[in-house]
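# Structural features, examined
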Amino acid sequence: MPMSMNLEASRIFSIEVVQKLQATGFQALWAGGCVRDLLLGKPSKDFDVATNATPDEVRDVFGHDRTLPIGASFGVITVQGGKRRGQVEVATFRTDLGYSDGRRPDEVRFSSAEEDAQRRDFTINGMFYDPIQEKVLDYVGGQRDLKNRLVRSIGNPFQRFEEDKLRMLRAVRFSSTFAFDLELQTQHAIREYASHIHVVSAERIAAEMRRMLADKHRMIAVRMLRDLTLLQEILPEAESTVGHALRWSETYHSLERLTVCDFRAAMALILRYACQNSLLNGNPLKPLQPADVVCQRWKLTNDETKTIQWLLRHENTIRQADQVAWPKLQRLLIADNAPLLIATGFAVQRARGNSTVGVEHADSCLSLPEEELNPNPLLSGSDLIKAGYKPGPQFQRVLEAVRDEQLEKRLHTKEDALAFAKANWE
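Residues numbered from 1 in each chain as written. Predicted model: local features only at pLDDT ≥ 70, side-chain atom pairs only at ≥ 80, totals over all residues. Heavy atoms only, no water.

On domain assignment, one finds that the chain holds domain 1 (1-142), domain 2 (149-239), domain 3 (243-374) and domain 4 (381-424). The gap between the C-alpha centroids of domain 1 and domain 4 is 64 Å. (Domains from an automatic or database assignment.)

Moving on to the side chain of H314. By secondary structure assignment, the location of H314 is in helix 16 (residues 302-319). When residues no more than four places from it in sequence are discounted, the contact partners of H314 are L332 and L341. (Helix = DSSP H or I, 4+ residues; strand = E, 2+ residues; numbered from the N terminus. Contact = heavy atoms within 4.5 Å.)

A few words on helix 9 (residues 202-213). Between the first and last C-alpha of helix 9 there are 16 Å, a value that for twelve residues agrees with the 16 Å anticipated at 1.5 Å per step. Listing the buried residues of helix 9 in full gives A202, I205, A206, E208, M209, M212 and L213. Relative to the axis of helix 9, the buried residues are bounded by an arc of 165 degrees and lie together on one face. (Expected span 1.5 Å × (residues − 1). Buried < 20%, exposed > 50% of the residue type's maximum accessible area, 1.4 Å probe, protein only. Arc of directions from axis to C-beta.)

Residue position: Q330 is located in helix 17 (residues 326-333). With sequence-adjacent residues up to four places away left out, Q330 is seen in contact with L373, N374, R403 and L407.

Here we come to the pairing of strand 5 (residues 87-92). Summarising the sheet, strand 2 (residues 48-51) and strand 5 pair through three bridges and their orientation is parallel. Bridge pairing links V49 to V90 in strand 5. The pairing of strand 4 (residues 76-80) with strand 5 spans five bridges and is antiparallel. For T78, the partnering residue across the bridge sits in strand 5 and is E89. Between strand 4 and strand 5, which pair antiparallel and follow one another directly, the connecting turn spans six residues, one of which, G82, has a positive phi of 100 degrees. (Pairing = 2+ DSSP bridges.)

Let us now look at the pattern of salt bridges. Taken as a whole and judged by the stated rule, the model has 26 salt bridges. D116 is the salt-bridge partner of R120, the closest N and O atoms lying 2.9 Å from each other. R120 sits in the buried class, given a relative accessible area of 16%. Among the ionic pairs, R160 bridges to E163, the shortest N-O distance being 2.8 Å. Here E163 and R160 lie together in helix 6 (residues 157-163), a separation of three residues that amounts to about one turn. Its relative accessible area of 6% is what places R160 among the buried residues. The buried category is assigned to E163, whose relative accessible area is 12%. One salt-bridge network, held together by shared partners, links E250, R272, E315, R319 and R352. (Salt bridge = Lys/Arg side-chain N within 4 Å of Asp/Glu carboxyl O.)

A separate point is the packing of aromatic side chains. Under the defined criterion, the tally for this structure stands at eight aromatic pairs. For the ring pair W30 and F47, a centre distance of 5.1 Å and an interplane angle of 45 degrees mean the geometry is tilted. Separated by 17 residues along the polypeptide, W30 in strand 1 (residues 28-31) and F47 in the loop between helix 2 (33-40) and strand 2 bring together distant segments of the chain. Judged by relative accessible area, F47 falls into the buried class, the value being 9%. (Phe/Tyr/Trp six-rings, centres within 6.5 Å; stacked < 30°, edge-to-face > 60°.)

As a further point, take the UniProt feature "domain: CCA-adding enzyme C-terminal" (unreviewed entry) in the chain. Under the present numbering, the feature "domain: CCA-adding enzyme C-terminal" (unreviewed entry) in UniProt falls on residues 291-418. Taken end to end, residues 291-418 has its terminal C-alpha atoms 41 Å apart, with 67% of it in helix and 0% in strand. (UniProt positions renumbered as here; feature names shortened; annotations may be inferred.)

On to unusual backbone geometry. The phi torsion at E134 lies on the positive side, around 55 degrees, for a residue other than glycine. Inspection of the secondary structure assignment puts E134 in the loop between strand 8 (128-130) and strand 9 (135-137). If you check the backbone angles, A179 has positive phi at about 55 degrees while not being a glycine. Assignment of secondary structure puts A179 in the loop between helix 7 (166-178) and strand 11 (181-182). Relative accessible area serves as the criterion here: at 37%, A179 is assigned to the partly exposed category.

Our focus in this paragraph is the pairing of strand 4. With respect to burial, strand 4 is a largely interior element, four of its five residues being buried. In terms of strand pairing, strand 3 (residues 67-71) meets strand 4 through three bridges, oriented antiparallel. Within strand 4, the residue paired with T67 across the bridge is V79. If you look at the hairpin formed by strand 3 and strand 4, you'll find four residues sitting between the two strands, and G75 has a positive phi there, around 85 degrees.

Here it is, written out as structure tokens:
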């Protein structure tokens, strides 16, 4: 949700959309996740509306200047409420006809609310709610499954996953996030179709994994993915972990003990052994290659990729921080993601049942005064140029050596630093 958008204002706007459609003679209801969240007593970010009005009729009701026909071919019109109230997707009740690409319907036919419910993914997502009359319309048994804390496909699960392979990952996400059981037939269907997950785009797979791994129940999600054979399909780099009892146990428990809800840290923990294997199998120059391959395949952002690589590169160091020279440790602690690295280090050590003394030392150093943790450098490249040195490969080497001496408190002034640079210039 955009920062400027107000959640309560968005909810009220969606009610106004329902009211206006009903006042014009159409049936209009909240649909999908917002109904589930309402019944669970959880806040919802999106309030989607379903109606028997056609897309053209929706645009006539709200005006063409306030509506966007981006999803009109699937019966969806976006009604704009302004910067603060956001926008509401209004979808015409429909039946989907064919899914030849395993993701989107080939054709849609406008229908009734009951028929529309039957084409949705899971019973807990297939309910409607009238916010005016405060009434739930449940054609699929969603209320029963919410009460029983169960994720169940609507109708035949094999058909649901044949239609849309992404639903397999969504089943795991809903089950893990809400700590619900996954119905047995739905599990069987996922195992049957797991190898078909590759028809889903890498971006959509990554989007589901972000939401799963940034949740506090991330370890449940990863365990389910493994048990349903989805993890091996979307992340073959983790195969050596999945099939190794000790490695799997450590990975699972490190995810359980990770105290931050961060996708990047969770991914680093999952990929630890894959990268260690790369090193052990004779690839010392590219030990992070498995992580690089995953980040590229899932088209992760530059920030996600760099952070995952950085965590993998330094998690061993932070776990032994009490034995690391201060200049080397200081460079890690002044990084923006230092708290994430420390959380990762704690998670690994606790999962192994090892001492956390090294990580505790690093954590305590984070509270040092700024002038001690990250003092202003005594020397810069400009200072070297002014002193008559020509830019070249030695610049960085000398500047780092000066910085080390400064952090070890053996150099205190710029004059001392310049003298040191002169003495160490080859």
